[in-house]
Amino acid sequence: SDGALKQRWIAVPKSAKITFSPTNNFSFPAGTVFIKNFDLTVNETNGATRRLETRFLVRNNVGGVYGVTYKWRADGSDADLLSAALSESVNVTNASGVRTQTWFYPGPFDCLVCHTPNAGSVLGVSARQINGPLTYTNGVTDNQLRTWNHIGLFTNAPNEASITNAPRLVSVNDTNYTAEYRVRSYLDANCAQCHRPNGVAGYFDARFRTPLAAQRLINGPLANSLGDANNRVIKPGDLSKSVLFARIHRVGDLQMPPIARNVVDTNAINTVAEWIGKLPRSTEGTVRK
């Protein structure tokens, strides 16, 4: 989210529970509310931040979701509900002076571009995303899955000894993991809501649980070859022919992800470039149909 700092909450109706799955989507009861604050660093010399927006996603009574965005006033006194998408120019102070960063506030329709029924409507809140440590307000640090299990949030309480063995995603710049693992984690978190079976006509499957050989990433076919028939989703060892790299490197027309991004994610760019550069060209032709 263009370098924003985020805080997240979930509220589940009293006596309601979440159906747990180690690999698939969780099932959330009607009335579940997901809340996310976005703060942007507006002075890079001293770390000062400004709260820009608070988003709500609500599980409705028919299994879908709706989303709303509140834009915070410049003085931080209150936030106002937006009826439509909005862009704002935000001044950011740095060592060289002041630069302007565009911030996109999604409207209700924009929320549903990614939060689709095909993707399970709720994104991010899954075992692979929250399977990691968090320091809570009482000062205790524990695995989030184990904590949710302890407080009785799951209908089908997982076995305590095995719950943290669920697959987990990692940060794109966590060098304790291979570049491949980090890239596939990044693609699952940022692209899989659209790039999956029955999703957009992009052909590849970005879901982490899909084996790499079946994802149609390496030498995968393209819906848009950007004018070069030799291009592929990822061309081993060749960034210039790897359209995935080109699309996440763009801002504006044909950028990916397509909305709520106005800045290039340099951490992702560097890790994707590292992985593609290390792929042996002998992997050509390994795409599966």
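Everything numeric in this text was worked out from a predicted model, so none of it was measured. (Residues numbered from 1 in each chain as written. Predicted model: local features only at pLDDT ≥ 70, side-chain atom pairs only at ≥ 80, totals over all residues. Heavy atoms only, no water.)

Asker: Honestly, unusual backbone geometry in this entry has me stumped. Any pointers?
Answerer: Leaving glycine aside, a negative phi is the common case for residues, and trans is the common case for peptide bonds. Along the chain, Met256 connects to Pro257 via a cis peptide bond; the corresponding omega equals -10°. Take Pro257: it is sitting in the loop between α5 (243–249) and α6 (266–278). Unusually for a residue other than glycine, Asp2 sits at a positive phi of about 55°. With respect to the secondary-structure elements, Asp2 resides in the segment before β1 (5–11). Exposure remark for Asp2: the relative accessible area of 13% places this residue in the buried category. (Helix = DSSP H or I, 4+ residues; strand = E, 2+ residues; numbered from the N terminus. Buried < 20%, exposed > 50% of the residue type's maximum accessible area, 1.4 Å probe, protein only.)

Asker: Which parts of the structure should I look at to understand the nonpolar core?
Answerer: Side chains that are nonpolar tend, in soluble globular proteins, to be buried together. Formed by 22 residues in total, the largest nonpolar core has its most connected members in Leu187, Leu217, Ile234, Leu244, Val272 and Trp275. For this core, the secondary structure elements donating two or more residues are α4 (179–190), α5 and α6. A total of five residues in this core trace back to one element, the largest contributor, which is α6. Sequence-distant contacts of Leu217, defined by excluding residues within four places in its chain, comprise Leu187, Phe204, Leu212, Val233, Ile234 and Leu244. (Core = buried A, V, L, I, M, F, W, Y, C linked by side-chain atoms within 4.5 Å. Contact = heavy atoms within 4.5 Å.)

Asker: Help me out: how do you make sense of the packing of α4 against α6 in this one?
Answerer: For any two helices packed against each other, one specifies the inter-axial angle together with the distance between the axes. The N-to-C vectors of α4 and α6 enclose an angle of 130°; their axes lie 9 Å apart at closest approach. In terms of orientation, α4 lies oblique with respect to α6. Of the two elements, α4 crosses α6, and the hand of that crossing is left-handed. Mapping the contact onto sequence places Ala179, Glu180, Arg182, Val183 and Tyr186 in α4 and Ala268, Thr271, Val272, Glu274 and Trp275 in α6. Per-class residue counts for the contact of α4 with α6 are six nonpolar, one polar and three charged. (Axes fitted to C-alpha atoms, helices over the stretch in contact; angles between N-to-C directions. Parallel < 35°, antiparallel > 145°, perpendicular 65-115°, else oblique. Left-handed = near helix turned anticlockwise from the far one by under 90°. Nonpolar A, V, L, I, M, F, W, Y, C, P; charged D, E, K, R; others polar.)

Asker: Teacher, can you tell me more about the packing of aromatic side chains here?
Answerer: All chains considered together, the criterion is met by ten aromatic pairs. Summarising the aromatic geometry, the rings of Phe26 and Phe28 are spaced 6.1 Å apart at their centres and angled 55° between planes, so their arrangement reads as tilted. The burial state of Phe26 is the same as that of Phe28; both residues are buried. On the numbers, 5.0 Å between centres and 90° between planes, the contact of Phe28 with Phe34 is edge-to-face. The exposure classification of Phe28 matches that of Phe34, with both residues buried. Among the aromatic residues, those joined into a cluster by ring pairs are Phe20, Phe26, Phe28, Phe34, Trp148 and Phe154. (Phe/Tyr/Trp six-rings, centres within 6.5 Å; stacked < 30°, edge-to-face > 60°.)

Treat this as a map of the structure, not an account of what it does.
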